[in-house]
Amino acid sequence: MGCPDASSTEAAAAETTDIPRFYPIGTPGKPWSDSERNQWKESRKNHRSYKEEVLDKLDKLKSNDALEVVQYGALSHNPQRYPLFAVKSKQWKDAKPTLLVTGGVHGYETSGVQGALLFLETQAAKYTAQVNILVAPCISPWAYEHIERWNADLKDPNRSFKKGNETEESAALISYIDSLNVKEWACHLDLHETTDSDKTEFRPAKAAEGGSTYKDGIIPDGFYLVGDSEDPQLDFLQAIIDGVEKVTHIAPEKVICGESVAKEGIILFPTKSLGLCGSLSLGLCRGITGGTYATTTEVYPDSPKVTGEICNEAQVAAIVAALDFVLGPQTEDIPRFYPIGTPGKPWSDDERNEWKESRKHHRSYKEEVLDKLDKLKSNDALEVVQYGALSHNPGRYPLFAVKSKQWKDERSTLLVTGGVHGYETSGVQGALLFLETQAAKYTEQVNILVAPCISPWAYEHIERWNADLKDPNRSFKKGNETEESAALMSYLDSLNVKEWACHLDLHETTDTDELEFMPAKHAEAGLAYSGEVIPDGFYLVGDSENPHLEFHQAIISGVEKVTHIVKDEDIIGEPAKSDGIILVPVNTLGLCGNITGGKCPATTTEVYPDSPRATDAICNDAQVAAIVSGIDYVLKH
């Protein structure tokens, strides 16, 4: 967003007789003429694609059972290229409060747009039972493509959210929101960035256009919030800061945008009088507790401490923290469904430690995994390689992979991973069974690489989380690694694989998901839990961005010779593409299934060991059948 500025351009212009040139357009000290404004517009260039980076992602959301994509307008100068979209809950109910998220008011602020989309892809659905979701991810698409602050008419959309001063972008959104007749707003987050280009382009252009002098400013290094000085709600803002600092650093400056911080990373401005988008719901945004909850987020993407992914995740963390705060008062009546913590409140460090200390050993990693790997060391076709160890007990938890002895760079490589979730037994034992019975016959055609037990602490304790209460299967992307995922990714990088044949990540969906792991997950986050349906049978989870449906169908055909396939039309909240096949955004979620980069056929297997039609042996055999069917398919094609 950059820093709000309520100063008078005319007053500044009166003192500009000797202003040095600081911008290539116009005469220093004189407001731009129409021809100079046209010169600016004609010199702008497309730098990225609104269709590819925004509209294509919205198209994929149209298959989401919880959300619907709605067009609320289009920019008149190119309506085909710049349609305007919002995403809202399918099950919209007037009795629910409504969350509003806005992004891309300033089109050049990338994580405002991509963070809003990431929230929709990964988090929004879980809140639709409690609130109506309304997200406008890219309010100013011309500016998004051109990486500009202004719109095509040299107006700042984020100074236009008040009557009589609308831009086309703000007018379209205000009209759409008015049509919804929202009775109660839960909260509103307007997602922004403060970038180095504020100093090098956007602020100088603004000053030059107004005939003002330009004074260089300081860009805060870190995340901060802009609240409303007329209705600060500092507890709400602090809750967001607390959530975001788990993902990225908070701006440490004592003065931000010329304003003294109210708290670390929090400044206050008269957002309504300035016409900021953050004021869009003010006066209406009466939250569940009777307060007004609205803020503008500011990420600093040019910091050496962050990446684009971290910035997007910080925006998501801000939205989630805000929602958890405003929904907190609703949770007083949540019944206890897990023995640790207070229902409706995220766990404290003490409660997280209580969980860890209450975990028990249920089986032996050495006896059930390491001893089997020792026997494989005599296999002429395979070699066992240690690629790391868990730091909290390296003697007990070494990390091993098994690979072809005759490894050849010109061959494509099969990757099999198991035990990402340690409690899913057949993921580990199925990988080992494949190594014992099938792997050798393929070593002359492909390189074999199997990591059979990625999370050994969780294997012994029969847990989904690792010892740090993190889910390793949400950590396979940079900036979000666990020790388990980081070790495996580092090892794979060291192999310099030129071509992946395919990747199968072996999992189970068990009754303990409903009885222990999902309740624990919700309790730890302070959310309610109402249970879920466990599919009875085998199914696959593919990548919605890289489906390879024929590959998946070949695996289903092979596995159904061993065990039964899930026939449900809906599996874990996702519509089935065909019997036993669903698709999710694997890369976005940080799943292990994306570890090869999304270019080769890849899938996650899901066996249901608690079915009355299954045994442990059948589950292990099903995993082997999946691997063999996957390899046979890619070798034929």
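Check the entry above for the structure.
Residues numbered from 1 in each chain as written. Predicted model: local features only at pLDDT ≥ 70, side-chain atom pairs only at ≥ 80, totals over all residues. Heavy atoms only, no water.

**Student:** Got a sec to walk through the overall build of the protein? Specific residues and values, please.
**Tutor:** Scanning the protein from terminus to terminus reveals 19 helices and 20 strands. Rg of the C-alpha trace for the protein: 27 Å, near the compact-globule value of 26 Å for 637 residues, within the 12% margin. Taken along its principal axes, the extent of the C-alpha atoms in the protein is 85 × 60 × 45 Å. Residues classed as buried in the protein amount to 59% of the 637 residues present. Within the protein, contacts between residues at least 6 apart in sequence are counted, and of these 76% link residues at least 24 apart. Put simply, the protein shows about 26,100 Å² of open surface, and 47% of that area lies on carbon and sulfur atoms. (Helix = DSSP H or I, 4+ residues; strand = E, 2+ residues; numbered from the N terminus. Rg over C-alpha atoms; globule rule 2.2 N^0.38 Å. Buried < 20%, exposed > 50% of the residue type's maximum accessible area, 1.4 Å probe, protein only. Contact = heavy atoms within 4.5 Å. Areas by Shrake-Rupley, 256 points an atom, 1.4 Å probe, with all protein chains shown as cover.)

**Student:** Quick one: what's the story with the pattern of salt bridges, residue by residue and with numbers?
**Tutor:** Pairs can form between side chains of opposite charge whenever their charged atoms are close. Within this structure, the stated rule accounts for 19 salt bridges. The partner of Glu 209 in a salt bridge is Arg 37, and the shortest N-O contact between them spans 2.4 Å. Of the two residues, Glu 209 is situated in helix α7 (residues 197–210) and Arg 37 in helix α2 (residues 34–42); the sequence distance between them amounts to 172 residues. A salt bridge links Glu 516 to Arg 359; its shortest N-O distance comes to 3.3 Å. Of the two residues, Glu 516 sits in helix α16 (residues 511–525) while Arg 359 sits in the loop between α11 (349–357) and α12 (365–376), which places them 157 residues apart along the sequence. What makes Arg 359 buried here is its relative accessible area of 19%. Salt bridges sharing partners connect three or more residues here, namely Arg 44, Glu 148 and Glu 201. (Salt bridge = Lys/Arg side-chain N within 4 Å of Asp/Glu carboxyl O.)

**Student:** Account for the packing of aromatic side chains, with residues named and values stated.
**Tutor:** By the definition in use, this model includes 20 aromatic pairs. Ring pairs connect the aromatic residues Tyr 23, Trp 32, Trp 40, Trp 142 and Trp 150, which therefore count as one cluster. Its end group placed over the ring of Tyr 459, Arg 363 keeps NZ or CZ at 3.8 Å from the ring centre. (Phe/Tyr/Trp six-rings, centres within 6.5 Å; stacked < 30°, edge-to-face > 60°. Lys NZ or Arg CZ within 6 Å of the ring centre and 35° of its normal.)

**Student:** How would you sum up a negative patch on the surface? Please name residues and give values.
**Tutor:** Taken together, Asp 65, Asp 568, Glu 569 and Asp 570 make up a surface patch of like negative charges. For Glu 569, a relative accessible area of 73% gives the class exposed. (Patch = residues over 30% accessible without salt bridge, like charges linked within 9 Å, V, L, I, M, F, W, Y side chains within 5 Å. Lys, Arg positive; Asp, Glu negative; His and termini not counted. Charge placed at Lys NZ, Arg CZ, Asp CG, Glu CD.)

**Student:** Lay out empty space enclosed by the protein in plain terms, naming residues and giving numbers.
**Tutor:** A probe as big as a water molecule, rolled over the atoms, marks out the empty space that is left. By the definition in use, this model includes 10 cavities of 30 Å³ or more. What the largest cavity holds in volume is close to 80 Å³. Lining the largest cavity are 12 residues; nearest its centre among them are Asp 543, Val 586, Gly 593, Ala 602 and Thr 603. Elements represented by at least two residues in the lining of the largest cavity include exactly β16 (539–543) and β20 (602–607). Split by residue class, the lining of the largest cavity holds four nonpolar, seven polar and one charged. Every residue lining the second largest cavity is counted, 14 residues in all, and those nearest its centre are Phe 337, Ile 340, Thr 342, Pro 343 and Ala 523. (1 Å grid on protein atoms, 1.4 Å probe; cavity = no way out; pocket = protein on both sides within 12 Å on 5 of 7 lines; lining within 4 Å. Points joined across faces, edges and corners; volume = space filled by probe spheres on them. Nonpolar A, V, L, I, M, F, W, Y, C, P; charged D, E, K, R; others polar.)

**Student:** Kindly report on the sheet that holds strand β19 (residues 581–584), identifying the contributing residues and their values.
**Tutor:** Pairing within the open sheet is mixed, and its eight strands lie in the order β11-β12-β14-β13-β15-β20-β16-β19. The outermost strands of the open sheet, each flanked by one partner alone, are β11 (382–389) and β19. Geometrically, the sheet is characterised by an average inter-axis angle of 20° between neighbouring strands, direction not taken into account. Examined bridge by bridge, β16 and β19 share four bridges and lie parallel to one another. Of the residues in β19, the one forming a bridge with Gly 542 is Leu 583. Sheet strands touched by helix α13 (residues 425–437): β11, β12 (398–404), β13 (413–418), β14 (447–451), β15 (500–508) and β20. Its angle to β15, the strand with the most contacts, is close to 135°. Lying on the sheet, helix α19 (residues 616–636) is in contact with β13, β15 and β20; it crosses β15 at an angle near 165°. (Pairing = 2+ DSSP bridges. Axes fitted to C-alpha atoms, helices over the stretch in contact; angles between N-to-C directions.)

**Student:** Lay out the packing of helix α3 (residues 50–61) against helix α4 (residues 110–122) with the relevant residues and their values.
**Tutor:** Two quantities define a packed helix pair, namely the angle between the axes and the distance from one axis to the other. Where α3 contacts α4, the axes come no closer than 11 Å and their chain directions differ by 10°. Taken as axis vectors, α3 and α4 run roughly parallel relative to one another. Residues Glu 53, Val 54, Lys 57, Leu 58 and Leu 61 of α3 form the contact with α4, whose participating residues are Val 113, Gln 114, Leu 117, Leu 120 and Glu 121. Class assignment for the residues of the contact of α3 with α4 results in six nonpolar, one polar and three charged. (Parallel < 35°, antiparallel > 145°, perpendicular 65-115°, else oblique.)

In short, geometric facts, not functional conclusions.
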